[in-house]
Amino acid sequence: MARKSVIQREKKRQKLEQKYHLIRRSSKKEISKVPSLIDKWEIHGKLESLPRNSAPIRLHRRCFSTGRPRANYRDFGLSGHILREMVYACFLPGATRSSW
C-alpha cells in the first residue's frame, strides 16, 4: 500500500493538469503556427511560467486498490499483482489463469 501522502500528491497533480490543460494545449498550437523565432520564445516563456506539476508527463498511473506505481494495466487500472489475485479468485470473467 502506498503512503497516503504520495497518493494525495498524485491527486493534486491530476487537478493541476486538468486546470492548465487548455492553456498548455493552446500555447503549443501557437508555437507551431508562429513563424518568427522571437515570438516562439515569448510563448515558450509563458509555457515555462506554468507550474511544473501541471505537465501531463509528471502524472503517474497508480493501482486503483493499492496505489502501487509499477506494473499497472491500463485496461483494468490495477497492478499485476492484484490483477492476478482477482483472476485466481474468479472476479474477472473471461480472464484465464496461466503459470509457467
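Fair warning: this is a prediction, and the values are worked out from it, not measured in the lab. (Residues numbered from 1 in each chain as written. Predicted model: local features only at pLDDT ≥ 70, side-chain atom pairs only at ≥ 80, totals over all residues. Heavy atoms only, no water.)

(A) The arrangement of a nonpolar patch on the surface in detail. Where nonpolar side chains cluster on the molecular surface, the patch consists of Leu37, Ile38 and Trp41 and spans about 380 Å² of accessible area. Relative to the helices and strands, Ile38 resides in helix α2 (residues 37-49). Exposure remark for Ile38: the relative accessible area of 56% places this residue in the exposed category. (Patch = residues over 30% accessible without salt bridge, like charges linked within 9 Å, V, L, I, M, F, W, Y side chains within 5 Å. Areas by Shrake-Rupley, 256 points an atom, 1.4 Å probe, with all protein chains shown as cover. Salt bridge = Lys/Arg side-chain N within 4 Å of Asp/Glu carboxyl O. Helix = DSSP H or I, 4+ residues; strand = E, 2+ residues; numbered from the N terminus. Buried < 20%, exposed > 50% of the residue type's maximum accessible area, 1.4 Å probe, protein only.)

(B) Summary view of the pattern of salt bridges. For the structure on display, the rule yields 1 salt bridge. Note that Glu10 is salt-bridged to Arg13, the shortest N-O span being 3.3 Å. Here Glu10 pairs with Arg13, and both are found in helix α1 (residues 4-33), just 3 residues apart, close to one helical turn. Exposure class is identical for Glu10 and Arg13. Each is buried.

(C) Structural detail: the side chain of Ser79. Relative to the helices and strands, Ser79 resides in strand β2 (residues 78-79). You can call Ser79 buried: its relative accessible area is 1%. Excluding its chain neighbours within four sequence positions, the residues that come into contact with Ser79 are Cys63, Thr66, Arg68, Arg70, Ala71, Asn72 and Tyr73. (Contact = heavy atoms within 4.5 Å.)

(D) Here's a closer look at the packing of α1 against α2. In contact at an axis separation of 9 Å, α1 and α2 are set at 165° when each is read in the N-to-C sense. Judged by the inter-axis angle, α1 sits roughly antiparallel to α2. The interaxial crossing formed by α1 with α2 has left-handed handedness. Of α2, the residues touching α1 (which contributes Arg24, Ser27, Lys28, Glu30 and Ile31) are Lys40, Ile43, His44 and Leu47. Residue classes in the contact of α1 with α2 are distributed as 3 nonpolar, 2 polar and 4 charged. (Axes fitted to C-alpha atoms, helices over the stretch in contact; angles between N-to-C directions. Parallel < 35°, antiparallel > 145°, perpendicular 65-115°, else oblique. Left-handed = near helix turned anticlockwise from the far one by under 90°. Nonpolar A, V, L, I, M, F, W, Y, C, P; charged D, E, K, R; others polar.)

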